[in-house]
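Letter by letter, the chains look like this.
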Amino acid sequence: MSSGVRAGVLAILLIALVSVQYAALDLIAVHGVVPNLVLLLTVAAGLSMDLPVAVVLAFCGGLLMDLAPPAMHPVGGWALAMVIVALLAARQRDDAADSPIQGLLTVAACSFMATSVYAFIALVSGAPGLGVGQVLGVILIAVLWDVALAPWLLPSFTKLLPKLLQPEPIRR
C-alpha cells in the first residue's frame, strides 16, 4: 500500500470517528458530553507510533474536531489539546505497554489534560455562560466516558495504527 493510500485511509478513519462522535454518540450524551473517539485514537497513536506521526495524526484529528459543525468555538483548541495528548501518551509508552491499568491511567490523564486545555481556551476566549463549576463537571464526565470506552477501543486502535501506517519493506 502506497503512502498516499495509507494517508487517505487514515483521513477516512479520522472523518468517520469525528462523524460518529458528533452525530451518533450525541444520542448518549451526558450533559452534552460524549466519548472522545479522536482522543482515544490519539492516545493509541502516542503509545504505538513514532512521535512525529502521532503528533501529525493528533493535529489533523483535533483540527477536524475544531471544524466539525457546529463550529462555534475558537479554531485550534482541540488541535492543540490533541497534540499535547500525543506528546503525553508517547512519554507513557513503556509504562502503558507493561500493564492494562497503566493504559487506562494514561487515557484518564490524557482525557483530563485535553478537556482542561480546551476548556481553558474556551474560558479565556469568553465563551458565554461558561463557569468554572460547569467546566469541572464536563471534565469529570469526559474522563469517565473515555476511560469507560478505553478497554475496548484502545487495544484495537493500538493494533490497527502500526499496520496501517508502517511502510512495507522494500523488495529487491
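Everything numeric in this text was worked out from a predicted model, so none of it was measured.

A.B. asks: Explain the nonpolar core here, please?
C.D. replies: Considering soluble globular proteins, one finds that nonpolar side chains tend to be buried as a cluster. In this structure, Leu 41, Val 43, Met 82 and Leu 161 are the most contacted members of the largest nonpolar core, which totals 40 residues. Secondary structure elements with two or more residues in this core: α1 (3-24), α2 (37-48), α3 (51-67), α4 (77-91), α6 (100-124) and α7 (132-165). With sequence-adjacent residues up to four places away left out, Met 82 is seen in contact with Asn 36, Val 38, Leu 39, Thr 42, Ala 58, Gly 62, Met 65 and Ala 114. Counting 5 residues, the second largest nonpolar core, distinct from the first, contains Ala 119, Val 135, Ile 139 and Val 143.

A.B. asks: Could you clarify how one ought to interpret the packing of α1 against α3 in this entry?
C.D. replies: The geometry of a pair of packed helices is captured by two quantities: the angle between their axes and the separation between those axes. In contact at an axis separation of 10 Å, α1 and α3 are set at 40° when each is read in the N-to-C sense. By the angle between their axes, α1 is oblique relative to α3. In the crossing of α1 with α3, the sense of the turn from one axis to the other is right-handed. Residues Leu 10, Leu 14, Ile 15, Val 18, Gln 21 and Tyr 22 of α1 touch α3, and the partners they reach there are Leu 57, Cys 60, Gly 61, Leu 64 and Met 65. In terms of residue class, the contact of α1 with α3 is built from 9 nonpolar, 2 polar and no charged.

A.B. asks: What is the right way to read the environment of Leu 160 from this model?
C.D. replies: Counting through the fold element by element, Leu 160 comes out in helix α7. Sequence separation between Leu 160 and Val 75 is 85 residues, and the spatial gap between their C-alpha atoms is 29 Å.

A.B. asks: Hey, could you run me through a nonpolar patch on the surface in this one?
C.D. replies: Taken together, the side chains of Leu 123, Val 132 and Leu 136 present a nonpolar region at the surface, about 270 Å² in accessible area. Relative to the helices and strands, Leu 123 resides in helix α6.

A.B. asks: Explain the side chain of Thr 115 here, please?
C.D. replies: Positionally, Thr 115 belongs in helix α6. Overall, Thr 115 belongs to the buried group, its relative accessible area being 9%. When residues no more than four places from it in sequence are discounted, the contact partners of Thr 115 are Val 138, Ile 139 and Ala 142.

A.B. asks: Would you take a moment to explain the confidence of the model for the chain for this structure?
C.D. replies: Fine structural detail should not be taken from predicted coordinates in areas where pLDDT scores are low. Overall, the predicted model of the chain reaches an average pLDDT of 88, with 94% of residues at or above 70. Summarising per-element confidence for the chain, the mean pLDDT is lowest in helix α5 (residues 93-98) (81) and highest in α4 (96).

A.B. asks: I tried to follow unusual backbone geometry on my own but got confused; where do I start?
C.D. replies: In terms of backbone geometry, most residues other than glycine have negative phi values and most peptide bonds are trans. Of note in the backbone geometry, His 31 takes a positive phi value of approximately 55° without being a glycine. With respect to the secondary-structure elements, His 31 resides in the loop between α1 and α2. For His 31, a relative accessible area of 71% gives the class exposed.

Analysis parameters
- Residues numbered from 1 in each chain as written.
- Predicted model: local features only at pLDDT ≥ 70, side-chain atom pairs only at ≥ 80, totals over all residues.
- Heavy atoms only, no water.
- Core = buried A, V, L, I, M, F, W, Y, C linked by side-chain atoms within 4.5 Å.
- Buried < 20%, exposed > 50% of the residue type's maximum accessible area, 1.4 Å probe, protein only.
- Helix = DSSP H or I, 4+ residues; strand = E, 2+ residues; numbered from the N terminus.
- Contact = heavy atoms within 4.5 Å.
- Axes fitted to C-alpha atoms, helices over the stretch in contact; angles between N-to-C directions.
- Parallel < 35°, antiparallel > 145°, perpendicular 65-115°, else oblique.
- Left-handed = near helix turned anticlockwise from the far one by under 90°.
- Nonpolar A, V, L, I, M, F, W, Y, C, P; charged D, E, K, R; others polar.
- Patch = residues over 30% accessible without salt bridge, like charges linked within 9 Å, V, L, I, M, F, W, Y side chains within 5 Å.
- Areas by Shrake-Rupley, 256 points an atom, 1.4 Å probe, with all protein chains shown as cover.
- Salt bridge = Lys/Arg side-chain N within 4 Å of Asp/Glu carboxyl O.
- pLDDT = per-residue confidence, 0-100.

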